[in-house]
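# Examining the three-dimensional arrangement
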Amino acid sequence: MTFRENANISTGRARRGGGGGGGMAVGGGIGALLLALVIMLLGGDPGQVLGGGQQQQNPSSAENVELSECDRGADANEDVDCRMKGGMASLEQYWSEVYPKAPAPTAILFQGSVSTQCGNATSQVGPFYCPVDQQIYLDTSFFEQLKSQLGAQGGNLGELYVLGHEYGHHIQRYTGALNASQQDPRGPESGAVRVELQADCFAGAWVGNAATGENALLEEPTQDEIRSALSAAAAVGDDSIQERMQGQVQPHTWSHGSSEQRMGWFMKGYESGDANQCDVLNANSVDDY
């Protein structure tokens, strides 16, 4: 998805964050990445993999650097960090209309490791949202892993889908829906799966609206770009990850939903352009998209 060349993205709440301390009990390599993905990729319960859930201090202000070089859409089209800043500007633009009283989160772009109020994390856990400090954390090198190791197509909209999903978890914290993930953490119809699928739907609703209006920051997505977002959603489906890890699918352990369900709810949000159509938590089945 392409940003309009002269779009003003300076309002995007994104910063480069400093490295955190130790305390992360996940080893290196793709096996550790996939283990973390099964537990919490794209916003599960970070306390299960981030420093045992202990309270940590935010990175100091000296370690947080504003992306001052990212001002226009042209910057976002050329640089992934600027793209995240532009995405945050567009997401805030959309969600401030849907939920005007919801505070906007900040995206912390880090390399290697980071300290959060949910604990210390390394890049191996993938992108995540910390509900304690209400911030999104991601190492943009994950996008290359998403493509080379998990089979996604890559592309700007695939990256922005990930960001939109994490922002969706912030909205769920505001509405209270995020609690369902901890109350019912496993199974094909579990609260955890429904929370993840709702965040996918929220990301789709944003994409469906991001190019509308005279102040829109983004161009209308092409069909190829939509396919790239769907491939990212499919790559992090529970069934896809389990097939890669263990050669068999076990729905009773699911916490994020299948590849088909993730794509289906994203498209429900995208085609309707209405976040109110994303009430997965009260749907008769997670397949009702």
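Keep in mind the model is a prediction, meaning the values are calculated, not measured.

## Topic: the overall build of the chain
The helix and strand inventory of the chain stands at ten helices and seven strands. Considering the chain as a whole, with its 289 residues, one finds that 56% of them fall into the buried category. If you sum the accessible surface of the chain, you get close to 11300 Å²; carbon and sulfur atoms cover 43% of it.

## Side note on the sheet that holds strand S2 (residues 65-66)
Read across the open sheet, the five strands follow the order S2-S1-S3-S7-S6; overall the sheet is mixed. Bordering the open sheet on either side are S2 and strand S6 (128-130), each of which pairs with just one other strand. In this structure, strand S1 (residues 14-16) lies alongside S2, joined through two bridges in antiparallel fashion. Note on S2: the bridge partner recorded for arginine 16 is valine 65. This element, helix H5 (residues 156-175), spans strand S3 (106-109), S6 and strand S7 (135-138) of the sheet and lies at about 25° to S6.

## Observations concerning the nonpolar core
Generally speaking, soluble globular proteins have nonpolar side chains that are buried together. If you look at the biggest cluster of nonpolar residues, it comprises 63 residues, and the most contacted ones within it are Leu146, Tyr161 and Phe266. Contributions of two or more residues to this core are made by helix H3 (80-98), S3, S7, helix H4 (142-148), H5, helix H7 (191-209), helix H8 (223-235) and helix H10 (259-272). Ranked by the residues each element gives to this core, the list is headed by H7, at nine residues. Core analysis: the next-biggest nonpolar cluster, separate from the first, contains nine residues, Ile108, Ala121, Val125 and Phe128 among them.

## Digging into the state of the cysteines
Taken as a whole and assessed by the stated rule, the structure comprises three disulfides. A disulfide bridge connects cysteine 70 with cysteine 82, and the sulfur atoms are separated by 2.0 Å. Disulfide cysteine 70 to cysteine 82: torsion about the S-S bond roughly -65°, handedness left-handed. Here cysteine 70 is found in the loop between S2 and helix H2 (73-78), whereas its partner cysteine 82 is found in helix H3, with twelve residues between them in sequence. What makes cysteine 82 buried here is its relative accessible area of 4%.

## Considerations on the packing of H5 against H8
Running from N to C, H5 and H8 cross one another at 50°; their axes reach a closest spacing of 7 Å. Compared by their axis directions, H5 and H8 come out oblique. Helix-helix and strand crossings are classified by hand; for H5 and H8 the assignment is right-handed. In this structure, H5 contributes Leu157, Gly158 and Tyr161 to the contact, and H8 contributes Glu225, Ile226, Ser228, Ala229, Ala232 and Ala233. In terms of residue class, the contact of H5 with H8 is built from six nonpolar, two polar and one charged.

## Re the side chain of serine 90
Secondary-structure assignment places serine 90 in helix H3. For serine 90, the residues in contact, after removing those within four places along its chain, are Trp206, Ala210, Leu217 and Leu218.

## Observations concerning the environment of threonine 140
Within the secondary structure layout, threonine 140 lies in the loop between S7 and H4. Taking C-alpha positions, threonine 140 is 8.5 Å from proline 127, a pair spaced 13 residues apart along the chain. Non-local contacts of threonine 140, meaning those with residues more than four positions away in its chain, are made with Val80, Asp81, Met84 and Phe110.

## Describing unusual backbone geometry
One non-glycine residue, glutamine 134, lies in positive phi territory at about 55°. The class of glutamine 134 is partly exposed, set by a relative accessible area of 24%.

## Re the pattern of salt bridges
Inspection of the entire model under this criterion finds eight salt bridges. Across the pair glutamate 92 and arginine 13 runs a salt bridge, and its minimum N-O distance is 3.3 Å. Of this pair, glutamate 92 sits in helix H3 while arginine 13 sits in the segment before S1, and the two are 79 residues apart along the sequence. Judged by relative accessible area, glutamate 92 falls into the partly exposed class, the value being 25%. As a salt-bridge pair, arginine 83 and glutamate 159 come within 2.9 Å of each other at their nearest N and O atoms. Of this pair, arginine 83 sits in helix H3 while glutamate 159 sits in helix H5, and the two are 76 residues apart along the sequence. Considered together, arginine 83 and glutamate 159 belong to a single accessibility category, that of buried residues.

## Some remarks on the pairing of S7
The two faces of S7 match: Gln135 and Tyr137 on one face and Ile136 and Leu138 on the other face are all buried. As defined by bridge partners, S6 adjoins S7 across three bridges and the pair is classed as antiparallel. Within S7, the residue paired with phenylalanine 128 across the bridge is tyrosine 137. Hairpin connection from S6 to S7: four residues lie between these consecutive antiparallel strands, with glutamine 134 at a positive phi of about 55°.

What counts and how
- Residues numbered from 1 in each chain as written.
- Predicted model: local features only at pLDDT ≥ 70, side-chain atom pairs only at ≥ 80, totals over all residues.
- Heavy atoms only, no water.
- Helix = DSSP H or I, 4+ residues; strand = E, 2+ residues; numbered from the N terminus.
- Buried < 20%, exposed > 50% of the residue type's maximum accessible area, 1.4 Å probe, protein only.
- Areas by Shrake-Rupley, 256 points an atom, 1.4 Å probe, with all protein chains shown as cover.
- Pairing = 2+ DSSP bridges.
- Contact = heavy atoms within 4.5 Å.
- Axes fitted to C-alpha atoms, helices over the stretch in contact; angles between N-to-C directions.
- Core = buried A, V, L, I, M, F, W, Y, C linked by side-chain atoms within 4.5 Å.
- Disulfide = S-S within 2.5 Å.
- Parallel < 35°, antiparallel > 145°, perpendicular 65-115°, else oblique.
- Left-handed = near helix turned anticlockwise from the far one by under 90°.
- Nonpolar A, V, L, I, M, F, W, Y, C, P; charged D, E, K, R; others polar.
- Salt bridge = Lys/Arg side-chain N within 4 Å of Asp/Glu carboxyl O.

Honestly, that's just the spatial picture; any functional story needs more than this.
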